[in-house]
Amino acid sequence: MKEVYQSVVDGLDEIYNLTEKGIRILTEGLRWGGGAFHNNGWNPRPIEGSDHFLFYTLEYLTKKKFIRGQPVCLGIFAGSAMGGNDPDGILDIIHRAGVEIRPEGMGITWDDVFAAIKYEKEFLESHDYWYTVVNDFQVTDEFCRMIKYKILAKYGEWNA
């Protein structure tokens, strides 16, 4: 999986530019996710965790529909920050891929994002989702401010 992951990261410019090579790299990477899903009896745990759960929490709280990749990538960044799993490197990759994760780009506010991050654990437990890093992480206002600071430092302020 590390090789597949690294091939996608190494091919981000090709993927972003929608070249034939980039499309092949991306579809090859996606093929592995489907295989993991199938090989686990169609249990989505290998391909769905705190990243998707933040997305579901945002949908639940805001009653809005999203372009899937935006809140999922926001969740990837937040989850990696919770777990201390190279969040700055993850944010670099998301930014390089051209995925907009600032709330304004999703039609929501920072308050919506903070509310979802703070409520995610309760949402997971009330819907019987499986254990993730969220279950053991204590979300603070300081953590939420750090998420905002790092995203704005990478993307800049929103200018619609």
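Given the structure is predicted, the values throughout are model-derived calculations rather than measurements.

### Quick word on the side chain of T57
Structurally, the position occupied by T57 is in helix α4 (residues 50–62). Sequence-distant contacts of T57, that is, excluding residues within four places in its chain, are made with A116, Y119, E120 and F123.

### Topic: the environment of L58
Position of L58 among the secondary structure elements: in helix α4. L58 sits in the buried class, given a relative accessible area of 1%. Placed 61 residues apart in sequence, L58 and Y119 show a C-alpha to C-alpha distance of 9.3 Å. Not counting the four nearest positions on each side in its chain, L58 is found in contact with K63, F66, P71, L74, I108, D112, V113 and A116.

### So, the pattern of salt bridges
As enumerated under the stated definition, the model contains seven salt bridges in all. Of the charged contacts, one joins D13 and R96 as a salt bridge, the two residues approaching to 3.9 Å between their closest N and O atoms. Separated by 83 residues along the polypeptide, D13 in helix α2 (residues 12–16) and R96 in helix α6 (residues 87–96) bring together distant segments of the chain. Overall, R96 belongs to the partly exposed group, its relative accessible area being 37%. For K118, the salt bridge is made with D141, and the minimal N-O distance between the two is 2.4 Å. Placement of the pair is K118 in helix α7 (residues 110–126) and D141 in helix α8 (residues 141–155), with a sequence separation of 23 residues.

### Comments concerning the environment of L152
For L152, the location among the structural elements is in helix α8. Residue L152 is classed as buried on the basis of its relative accessible area of 15%. In this structure the C-alpha to C-alpha distance between L152 and F66, which are 86 residues apart in sequence, comes to 20 Å.

Rules used throughout
- Residues numbered from 1 in each chain as written.
- Predicted model: local features only at pLDDT ≥ 70, side-chain atom pairs only at ≥ 80, totals over all residues.
- Heavy atoms only, no water.
- Helix = DSSP H or I, 4+ residues; strand = E, 2+ residues; numbered from the N terminus.
- Contact = heavy atoms within 4.5 Å.
- Buried < 20%, exposed > 50% of the residue type's maximum accessible area, 1.4 Å probe, protein only.
- Salt bridge = Lys/Arg side-chain N within 4 Å of Asp/Glu carboxyl O.

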